[in-house]
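For reference, the chains in residue letters:
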Number of protein chains: 2
Amino acid sequence: MKRSFFHPLKEKKSKINYNMCMRILIIEDDLKMRLMLKDALEAFHTVDVASSLTEGIELVESYTYDALLLDRNLSGADEGMKIIPKLKKLQPTCAVIIASAYGGVEERIAGLSAGADDYLEKPYDLRELKMRLDALIRRYTPDVISMESLHIDMKNETLNAHGELILLSKKEHDLFFFLASKPDKVFSREDIANAIYEDPSSMTSNTIDVVISNIRKKLPVNPIETLKGRGYAFKNV
Amino acid sequence: MKRSFFHPLKEKKSKINYNMCMRILIIEDDLKMRLMLKDALEAFHTVDVASSLTEGIELVESYTYDALLLDRNLSGADEGMKIIPKLKKLQPTCAVIIASAYGGVEERIAGLSAGADDYLEKPYDLRELKMRLDALIRRYTPDVISMESLHIDMKNETLNAHGELILLSKKEHDLFFFLASKPDKVFSREDIANAIYEDPSSMTSNTIDVVISNIRKKLPVNPIETLKGRGYAFKNV
DNA sequence: GTGCAGGATGAAAAAATCATGAAAAGGAGT
DNA sequence: ACTCCTTTTCATGATTTTTTCATCCTGCAC
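Residues numbered from 1 in each chain as written. Chains lettered and ligands numbered in written order. Predicted model: local features only at pLDDT ≥ 70, side-chain atom pairs only at ≥ 80, totals over all residues. Heavy atoms only, no water.

Thoughts on the overall build of chain A
Within chain A, the secondary structure is distributed over eight helices and 12 strands. Long-range pairs, those at least 24 residues apart, make up 56% of the contacts in chain A between residues at least 6 apart in sequence. Accessible surface for chain A amounts to roughly 12,500 Å². Of this, 54% is attributable to carbon and sulfur atoms. (Helix = DSSP H or I, 4+ residues; strand = E, 2+ residues; numbered from the N terminus. Contact = heavy atoms within 4.5 Å. Areas by Shrake-Rupley, 256 points an atom, 1.4 Å probe, with all protein chains shown as cover.)

Below, the structure is given as structure tokens:
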């Protein structure tokens, strides 16, 4: 990397979009609608779909979701609502949006008191759905990830252990918060290089390994898991 | 491999194309076109061809297809469309692409409302066809496969049993998700070798058997069925 | 039952991948 | 130029994975 002159104003900002790649569950019995929603949201998030309540419950029991979009009119009655308490108990940080053809105040109140976070009247604009989803996900996204003796403040991007700030160098910082922004996701070294280096192709050695090694040395626990042959993943230990 | 020092950056990308080995039916009355398409797609998929509608219907009644490429101009009229409802009834998860010389909006709408999933204007680029095929096949492929005590997330490529992630080594991972990408399809050891090895010809022992054995040891159920003399298949148990 | 073929599996050997200390290279401040 | 810190490179030893091989099982024909 050769920048021939010093240019202090343009601090290289690490441009990581922390609000993407959430995991969303859509429960909707109409096939067309389901595909349409999935298609639309898939550009930003990981989308699972379920066509029935039982299917949805099964998924909720095995995966952690950031948001649930629930069709109120499942199998005619208000069956859909029943999943909400169950979900909230299993996953208190999952945002719930109810979509329904009935738009009355009564309905809205019923939905919200069942535990939903928002209520959307059909037909709705896709952009509005996206906006509300993002807002709710933001609300629920924890600012702080805590594990024994290590506290990660995702908003301020700081690390704290035993009351002391842990200082990372810039590369260490970028790499760490890149991984931490999406717990459990496996990032290949190439993914990481693309995320935190301007010219990933110029990498010719095991730099990333070394950076990881140095991060680990500075932390009281090791939240970075190695997946041999595949890459690294942040693990909430 | 003689590398004087460790240079890990280019993780050998397990470039498994999970959308391979699908079964595709082409109904097209022009011989040249038919052969050309078959040739082009056969590198990735199993391709059946039919030169007429009746022939096509016959095939649809005896085989399960992942996709149908339909020439709209069969025997002059819009005869082609008639097969779509029949197919969708028999095989709701089969993707349908219509190819036509007429490219107007009217035509496109007519095609889609007849039940097609996509509409391609002739002449089209082969790569575009391949892309759209892949996209449609992906849409119809479920993201999550659940069986008692084992949940497979095809999107994030993770395995989950009793709330715990199951970690597979790279080869185990590649092999498992290759099989799981197409439930019930029997893959020969050669198919598997071609999919997950860079140099399949160098295989001289029962490596694949061993990998399968090791995968099975890690799972709480056995979703991999052995077909004596034929190969292995992923089974949704 | 016996024999056979194809498959499963434990264990050892071979190979690939990773962690890390140390040194070199790069940059900013003084 | 010197110092302090960060970043990258490289060699090495450690660990895990992958492959091989020998042996054991299992279903099936006889």
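Picking up where we left off.
Here's the deal with helix H2 (residues 53-62) of chain B
Residue and element names in this part refer to chain B. Listing the buried residues of H2 in full gives Leu-53, Gly-56, Leu-59 and Val-60. Across the axial projection of H2, the buried residues extend over an arc of 120°, all falling on one side. Counted as exposed and oriented over 90 degrees from the buried face of H2: Thr-54, Glu-58, Glu-61 and Ser-62. Its buried side turned inward, H2 meets strand E1 (23-27), strand E2 (46-50) and helix H3 (83-90). (Buried < 20%, exposed > 50% of the residue type's maximum accessible area, 1.4 Å probe, protein only. Arc of directions from axis to C-beta.)

Quick look at the protein's contact with DNA strand C
Inspection of the region around DNA strand C gives 28 residues, with Gly229(A), Asn206(B), Thr226(B), Gly229(B) and Tyr232(B) positioned closest. Looking at DNA strand C alone, sugar and phosphate atoms form 79% of those within 4 Å of the protein. Arg216(A) places a polar side-chain atom, nitrogen or oxygen, 2.8 Å from a phosphate oxygen of DNA strand C. Within the residue set of the surface near DNA strand C, elements represented by two or more residues are helix H8 (207-218) and strand E11 (224-227) of chain A together with helix H8 (207-218) and strand E11 (224-227) of chain B. Grouping the amino acids of the surface near DNA strand C by side-chain chemistry returns nine nonpolar, eight polar and 11 charged. (Near = heavy atom within 4 Å. Polar contact = N/O pair within 3.5 Å; in protein donor to acceptor, adjacent residues only side chain to side chain. Nonpolar A, V, L, I, M, F, W, Y, C, P; charged D, E, K, R; others polar.)

Overview of the protein's contact with DNA strand D
By nearness alone, 21 residues border DNA strand D, and Ser169(A), Ser205(A), Ser169(B), Tyr197(B) and Ser205(B) come closest of all. Restricting attention to atoms of DNA strand D within 4 Å of the protein, one finds that 70% of them are sugar or phosphate atoms. With respect to DNA strand D, the side chain of Thr204(A) contributes an N or O atom lying 3.2 Å from a phosphate oxygen. Taking Thr207(A), its side chain carries an N or O atom lying 3.0 Å from a phosphate oxygen of DNA strand D. Breaking the surface near DNA strand D down by element, the ones donating at least two residues are helix H6 (170-180) and H8 of chain A together with helix H6 (170-180) and H8 of chain B. Looking at side-chain class alone, the surface near DNA strand D contains five nonpolar, 11 polar and five charged residues.

Section: the environment of Ser188(B)
Residue and element names in this part refer to chain B. Residue position: Ser-188 is located in the loop between strand E10 (186-187) and helix H7 (189-196). Judged by its relative accessible area of 22%, Ser-188 falls in the partly exposed class. Separated by 90 residues in sequence, Ser-188 and Ile-98 have C-alpha atoms that sit 32 Å apart. Those residues in contact with Ser-188, other than ones at most four positions away along the chain, are Arg-230 and Gly-231. One polar contact links the side chain of Ser-188 to the main-chain amide nitrogen of Asp-191, over a distance of 3.0 Å.

Considerations on the sheet that holds strand E10 (residues 186-187) of chain A
Residue and element names in this part refer to chain A. Strand order in the open sheet made by the three strands is E10-E12-E11, with antiparallel pairing throughout. Since the sheet does not close on itself, it has two edges, and those belong to E10 and E11, each with one partner. As judged from the two bridges shared by E10 and strand E12 (residues 231-234), these two strands associate in the antiparallel manner. Looking at E12, one finds that Phe-187 is bridged to Tyr-232. Seen against the sheet, H6 touches E10, E11 and E12 and runs at an angle of roughly 70° to E12. Contacts from H8 reach E11 and E12 within the one sheet, and its direction differs from that of E11 by about 145°. (Pairing = 2+ DSSP bridges. Axes fitted to C-alpha atoms, helices over the stretch in contact; angles between N-to-C directions.)

Quick word on the sheet that holds E10(B)
By way of backbone hydrogen bonds, the strands of a sheet pair with one another, either parallel or antiparallel. Residue and element names in this part refer to chain B. With respect to topology, three strands assemble into an open sheet ordered E10-E12-E11, the strand pairing being antiparallel. Of all strands in the sheet, those bounded by a partner on one side alone are E10 and E11. In the sheet, E11 pairs with strand E12 (residues 231-234) via four bridges, with the strands oriented antiparallel. Bridging across to E12, Glu-225 finds its partner in Ala-233.

Comments concerning the interface of chain A and chain B
In many reports, interface size means the accessible area that the parts give up when they come together. Across the contact, 30 residues belong to chain A and 21 residues belong to chain B. With both sides pooled, the region where chain A packs onto chain B buries about 2,200 Å², and carbon together with sulfur makes up 52% of that total. For the chain A face of the interface with chain B, the top three residues by lost area are Tyr63(A), Arg189(A) and Arg230(A), together amounting to 23%. Linking Arg23(A) and Asp153(B) is a salt bridge whose minimum nitrogen-to-oxygen distance equals 2.4 Å. Scanning the region where chain A abuts chain B turns up five residue pairs in polar contact (both at pLDDT 80 or more). Secondary-structure elements contributing two or more residues to the side of chain A that touches chain B are helix H1 (31-42), strand E2 (46-50), helix H2 (53-62), helix H7 (189-196), H8 and E11 of chain A. In terms of residue count, the dominant contributor to the side of chain A that touches chain B is H1(A) (four residues). Of the residues that constitute the side of chain A that touches chain B, the class distribution is nine nonpolar, eight polar and 13 charged. (Buried area = accessible area lost by both parts, 1.4 Å probe. Salt bridge = Lys/Arg side-chain N within 4 Å of Asp/Glu carboxyl O.)

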